[in-house]
Amino acid sequence: MALLQIAEPGESTAPHEHRLAVGIDLGTTNSLVATVKSGTAEVLLNQEGNKLTPSVVRYFADGGVTVGRQPKAEQADDPANIIVSVKRFMGRGMADVARYGALPYKFIDAPGMVKIETVAGLKSPVDVSADILRVLRVQAEAALAGPLVGAVITVPAYFDDAQRQATKDAARLAGLNVLRLLNEPTAAAIAYGLDNASEGTFAVFDLGGGTFDISILKLTRGVFEVLSTNGDSALGGDDFDQAIAAHWRRLHGLASANHKDLRRMLMAARAVKEDLTTADDASAEIDLSYGQTLNVKLSRAEFHNMTAHLVERTLSPVKKALRDAKLAVDDITGIVMVGGATRMLHVQAAVNGFFGKPLLNNVDPDKVVALGAAIQANILAGNKSGDDMLLLDVIPLSLGIETMGGLVEKLVPRNSTIPVARAQEFTTFKDGQTAIALHVVQGERELVKDCRSLAQFSLRGIPPMVAGAARIRVTFQVDADGLVSVVAQELTSGVVAQVDVKPSYGLTDAEIATMLQASFTYAKDDAAARVLAEARTDAQRLIEAVQAAMAVDADLLSATERALILQEIERLHRRQSEGDASAIKAAIEKLSTATETFAAKRMDKSVAKALTGKSLDEIAKIGP
Amino acid sequence: MSALRIDCVMSPDFSKSHFALFGLPVGFDLDVAALEQTYRDLQREVHPDRFANAPDAEKRIAAQWAMQVNEAYRTLKSPLARGRYLLTLNGIDTEEESNTAMPVAFLIQQMDWREAVVAARNAHDDRALEQLAKDKRSEERVLFDRLAAQLSNVATMREARDTVRKLRFLEKLGEEIDLASEAMES
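Residues numbered from 1 in each chain as written. Chains lettered and ligands numbered in written order. Predicted model: local features only at pLDDT ≥ 70, side-chain atom pairs only at ≥ 80, totals over all residues.

### Quick word on the overall build of chain A
(1) Moving on: Within chain A, the secondary structure is distributed over 16 helices and 28 strands.
(2) Moving on: When contacts within chain A are restricted to residue pairs at least 6 apart in sequence, those whose partners lie at least 24 apart make up 69%. (Helix = DSSP H or I, 4+ residues; strand = E, 2+ residues; numbered from the N terminus. Contact = placed C-beta atoms within 7 Å.)

### Concerning the overall build of chain B
(1) Moving on: The helix and strand tally for chain B stands at 7 helices and 1 strand.
(2) Moving on: N-terminal to C-terminal, the α/β element order of chain B is β-α-α-α-α-α-α-α.
(3) Moving on: A compact globule built from 186 residues should have a C-alpha radius of gyration of about 16 Å, whereas chain B, at 20 Å, is more than 25% larger.
(4) Moving on: Looking at chain B residue by residue over its 186 residues, the buried ones come to 33%.
(5) Moving on: Considering only contacts within chain B whose residues lie at least 6 apart along the sequence, 62% involve residues at least 24 apart. (Rg over C-alpha atoms; globule rule 2.2 N^0.38 Å. Buried ≥ 20, exposed ≤ 12 C-beta atoms within 10 Å, placed from the backbone.)

### Observations concerning the sheet that holds strand β20 (residues 390–392) of chain A
All names here are of chain A.
(1) Moving on: Strand order in the open sheet formed by 6 strands is β19-β18-β13-β14-β15-β20, and the pairing between neighbours is mixed. In this open sheet, the two strands that pair with only one neighbour each are β19 (359–360) and β20.
(2) Moving on: Across 5 bridges, the pairing between strand β13 (residues 200–207) and strand β18 (residues 334–338) is parallel. Among the inter-strand pairings, aspartate 206 is bridged to a residue of β18, identified as valine 338.
(3) Moving on: Sitting on the sheet, helix α9 (residues 308–324) touches β13, β14 (212–220) and β15 (223–232), and the angle it makes with β15 is about 140°. (Pairing = 2+ DSSP bridges. Axes fitted to C-alpha atoms, helices over the stretch in contact; angles between N-to-C directions.)

### What to know about helix α11 (residues 368–380) of chain A
Residue and element names in this part refer to chain A.
(1) Moving on: With 13 residues, α11 should reach 18 Å at 1.5 Å per residue; the first-to-last C-alpha distance of 19 Å fits that figure.
(2) Moving on: The buried fraction of α11 is high, at 13 of 13 residues.
(3) Moving on: One or two steps after α11, the chain reaches glycine 382, where phi turns positive at roughly 95°. (Expected span 1.5 Å × (residues − 1).)

### A short note on the packing of helix α6 (residues 237–251) of chain A against helix α7 (residues 259–275) of chain A
Residues and elements named next belong to chain A.
(1) Moving on: Where α6 meets α7, the axes come as close as 8 Å, and the angle between the chain directions of the two elements is 115°. Accordingly, the angle class assigned to the pair α6 and α7 is roughly perpendicular. Of the two possible hands of crossing, α6 and α7 adopt the one that is right-handed. Facing Phe240, Asp241, Ile244, Ala245 and Trp248 of α6, the residues of α7 in contact are Met265, Leu266, Ala269, Arg270, Val272 and Lys273.
(2) Moving on: When grouped by side-chain class, the residues that make up the contact of α6 with α7 number 8 nonpolar, no polar and 3 charged. (Parallel < 35°, antiparallel > 145°, perpendicular 65-115°, else oblique. Left-handed = near helix turned anticlockwise from the far one by under 90°. Nonpolar A, V, L, I, M, F, W, Y, C, P; charged D, E, K, R; others polar.)

### Focus: the interface of chain A and chain B
(1) Moving on: Across the contact, 58 residues belong to chain A and 42 residues belong to chain B.
(2) Moving on: Looking at the side of chain A that touches chain B, the element that brings in the most residues is helix α16 (residues 596–622) of chain A, giving 12 residues.
(3) Moving on: Of the residues assigned to the side of chain A that touches chain B, the class counts are 33 nonpolar, 15 polar and 10 charged.

### Quick word on the environment of alanine 469 of chain A
Residue and element names in this part refer to chain A.
(1) Moving on: Along the chain, the position of alanine 469 falls in the loop between β25 (452–460) and β26 (472–478).
(2) Moving on: When the 15 C-beta atoms within 10 Å are taken as the criterion, alanine 469 is described as partly exposed.
(3) Moving on: Linking alanine 469 and aspartate 127, residues 342 residues apart in sequence, is a C-alpha distance of 47 Å.

### What about unusual backbone geometry?
Residues and elements named next belong to chain A.
(1) Moving on: That bond from isoleucine 418 to proline 419 is cis: its omega, 5°, falls within 30 degrees of zero.
(2) Moving on: Looking at the element boundaries, proline 419 is found in the loop between β22 (407–412) and β23 (420–426).
(3) Moving on: A positive phi angle, close to 50°, is found at serine 85, a residue other than glycine.
(4) Moving on: Positionally, serine 85 belongs in the loop between β7 (82–84) and α2 (94–98).
(5) Moving on: With 18 C-beta atoms counted inside 10 Å, the residue serine 85 sits in the partly exposed group.

### Focus: the domain arrangement of chain B
(1) Moving on: For chain B, the assigned domains are domain 1 (18–77) and domain 2 (104–185).
(2) Moving on: For domain 1 of chain B and domain 2 of chain B, the distance between their C-alpha centroids amounts to 30 Å. (Domains from an automatic or database assignment.)

### Comments concerning the packing of α9 of chain A against helix α10 (residues 345–355) of chain A
All names here are of chain A.
(1) Moving on: Packing of α9 against α10 leaves a shortest axis separation of 10 Å and a crossing angle of 35°. Along this stretch, α9 crosses α10, giving a crossing that reads as right-handed. Seen from α9, the contacting residues are Val311, Leu315 and Val318; seen from α10, they are His346, Val347, Ala350 and Phe354.
(2) Moving on: Each residue belonging to the contact of α9 with α10 can be placed in one class, and the counts come to 6 nonpolar, 1 polar and no charged.

### Re the sheet that holds strand β5 (residues 56–59) of chain A
Residue and element names in this part refer to chain A.
(1) Moving on: In spatial order, the strands read β6-β5-β7; together these 3 strands make up an open sheet with antiparallel pairing. One side of each edge strand has no neighbouring strand; the edge strands of this open sheet are β6 (65–67) and β7. Averaged over neighbouring strand pairs, the angle between their axes works out to 20° when direction is ignored.
(2) Moving on: The pairing of β5 with β6 spans 3 bridges and is classified as antiparallel. Paired with arginine 58 across the two strands is threonine 66, which belongs to β6.
(3) Moving on: Sitting on the sheet, helix α3 (residues 125–144) touches β5, β6 and β7, and the angle it makes with β6 is about 65°.

### Considering the pairing of strand β2 (residues 30–37) of chain A
Residues in a regular strand point their side chains to alternate faces of the sheet.
Residue and element names in this part refer to chain A.
(1) Moving on: Burial analysis of β2 places 7 of its 8 residues in the buried class, the great majority of the element.
(2) Moving on: When strand β1 (residues 21–26) meets β2, the two strands line up antiparallel, connected through 5 bridges. In the sheet register, glycine 23 faces β2, and the bridge partner there is alanine 34.
(3) Moving on: Hairpin connection of β1 to β2: 3 residues between the antiparallel strands.
(4) Moving on: Here β2 runs beside strand β4 (residues 53–54); their pairing, made up of 2 bridges, is antiparallel. Across the sheet, asparagine 30 pairs through a bridge with proline 54, a residue of β4.
(5) Moving on: One ladder, built from 4 bridges, connects β2 with strand β3 (residues 40–43); its direction is antiparallel.

This is the structure:
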C-alpha cells in the first residue's frame, strides 16, 4: 500500500527484529544485568566471567575509575576513595547518612543529596551509581553485540521519589534509555509467576544488602496487581555485618579502630555471616594495622541472638502491608523470598513462623530480581506482545502538601495504584494576593518536618482579586515509574499562572545532557556519533509506529489529518538522511504532535474494544 | 520532582461517568467481579507499559487514560466512595466538610469508641482493639444496607447524605484502630 512506499530503498522496516533490552538490578552489594534470549531470561556474565558485579567503585587521583571485584578486594587499602553500598546514599541528606554510623567517607552537605569527597573530586551518589551502570551497560552491549534499546532498572519498592529520581538520573548519565523503573519485589514476582504460572495472593519478602521491602501481590491470569507495599529503606544485610563488627570491637577493645581496620572487620563479618548459614560456628583472621592480627569467632546462636532485633524489625512493615491490603495472614498463598540476606536461617525461620506457609526460594535470591526485570524489559522493548502480562504497581508513600501550622494534607494516599493523578484547588488568603507558595512532601507522618520534602514552588501572576476568589487547580501526578510531577492551572481568568519550582533534588534534562557530554570528553566524536545514531533510531521507531498505526486504523483519519501526518513523516525521513541530530529531534517532535488527535482516537477505540469484549463474554454466559 | 509544566495538552474526554467507563449500570449495587475483570481488561489496553515504545503523544494519552481508569476503579470499588459519587452524579453535596450537625446519640457513640481505642492502645490490649474493629464493621454493615436502600430511590436520596457522613466517621475510626495496632506493634 501507499504508506510503505515512503520507506527509502535499503531502509526497509524490520518489525520483528529483536531489540536489545536488559533488566538491571542495581543492588546495594552486587549488581546484575539480565536479558531474554530465545524466550528465556538469563543473567549476563561480566568481563571476569561472573554474574554478580560488586557495587563498589574506586576513584583515583588521575581521574581513573574501577568498578566491581577489584575495588571490592582493595576496599581496606583506600577506604575513603572506594565507595561501597552507595545505594544507601541515593537521594539522602546529611541527617540520613549520619544514621548509618561510622563510615570512612567525607560527606559534603549539598542541596537534597550528600556528596562524597574523593581524590577525583566531589562525587554524588548519582555519579557513583552512574559509574556502576556504565560498566554494566558496556558489559551488556559487549555480550549482546549491539547497542541497547533500553533498560528496566529495579528499585526497592519502598524508595521514595528522591531515591527513584536519583536512580533514573544515574541511568541516564550512564547512557541508558530507561524503559521503566520497576519495583524489586514486583520484578521477583514476575520471575516466579511466569515460571510457576501461579494464581493467588503472594507476599514478596525482599531483604537485600541495604534495603528491606515487603509487597503483597494478587496474581490473576497474568495480571500482577500490587495490593500494598511497605518496608525500611535503611535495613539490610549490611546491618547484620555492622552488628557482628560492633560485637567484636567491644569484645576486643577496639572501639576507636581506624577506617581501614573497620573495613577489614566488616569484610570478615560478612564472610562469617555467610559461613553461619551452613555451619554452627565460624571464625576469621583479621590483619589489622601495625601488624596486629585479630582472631575472631562467632557461633550461630550468638549471631542469631545479637541480630534478633534486626529480624524483628522486618515484621512491623509486614504487618502494615497486610493491614493496608485488608488481608489476614491466612489469605496469603505463598511467600517469595528475595535478596541474599534471606539466606540467613533466622530470617527464614521468622518469616516461616509468621506466615505458617512454605517459602518459595527455588530461584536464586540474588538473581531473581534481575531476571524479572529482563522479562519486563523484553516486553517493553516490543519483542513480545504484552497481552499475557500486565503489572499494576503502587506508590509506596503518601503524597501531600503543607497546610497551616506545618501540617500535612494527604492528597495521594500510599498504596494508590500508579499512574495516579489527584487535583486540588487552592485559593488566595488575602485580598490582592498574586502568588501562592506550595510545599510538596512525601511520607506518612502528620507534621511536615517528619516527612520528606519533594519540592517547594510558587504560583505567580494570579490576577489581583478579593481573598478566596482565585481558583488555582494543582494536579499531582505519579507516573508508572513512581515519579511525581505537578501541573498547575489558573482557572478564573485564563491568565496562566507562572510556576517557579525549587526541587529539593534531581537533575534537569539540560544538566543531564551537559554531564553526559562531559563524561565523553575522551571521545568527543564518539559522543556526537552516538547522539546522531540514537536520534536516527528514535526517528525510525516513530515512523514505524505511526505507519503501523495508520495501517491498522486508517478509518480513524480524515484526509487532512492523513495528509499532514504523511507530510511530517516525509520531513522526518529527509532529516534522518542528513546528519543533524537536533534537526531530527525537532522533526520527531513535529510528527509526534501531528499524530496527537489520531492517538487519542485510537485510544478511545481500544477502550471501546475492551468493553465490547466484556459484553460479548456476558452474552456468552447468558446464552444457552 | 521530575517535571513541572503548565498544562496545555489536550486531554482525552473524560466526561463519561465512572459507571459508563466500566460499562456498568449506574447504581449502588454492583457486580464486584465484573468491576475487577473490566478494570484488568481496560488497563491491558491503556496502561503506559503498553506504550513504552510509542510516540510521546500516545504515551501521554495512555497515562491520562490509565489515571482515569485507576481513579474510576478506586471510586467504584469502595462502597463509601461509590455512594458519595452517586450523590455527586445526582447533584447532591455530601457536605462532609461543612456540615457537622450529627445526631447526639451518634456522636456520643463515636466518642465512646474513640476513647476505647485510646484505652486499648495504652493498655496494649489486642483483644479490645479487635472487638472494636468488629463492632465498627457490624455498624458499617447496617449503614451500608441503609445507604443502598436510600440511594435506590430518588425520593430518599437526600437522606443518604447523613448516612455517608456517618460512614465517614466510621472510616476515620477504622484508621485510628489501624494506627493503634501499628503503634502497639512497634
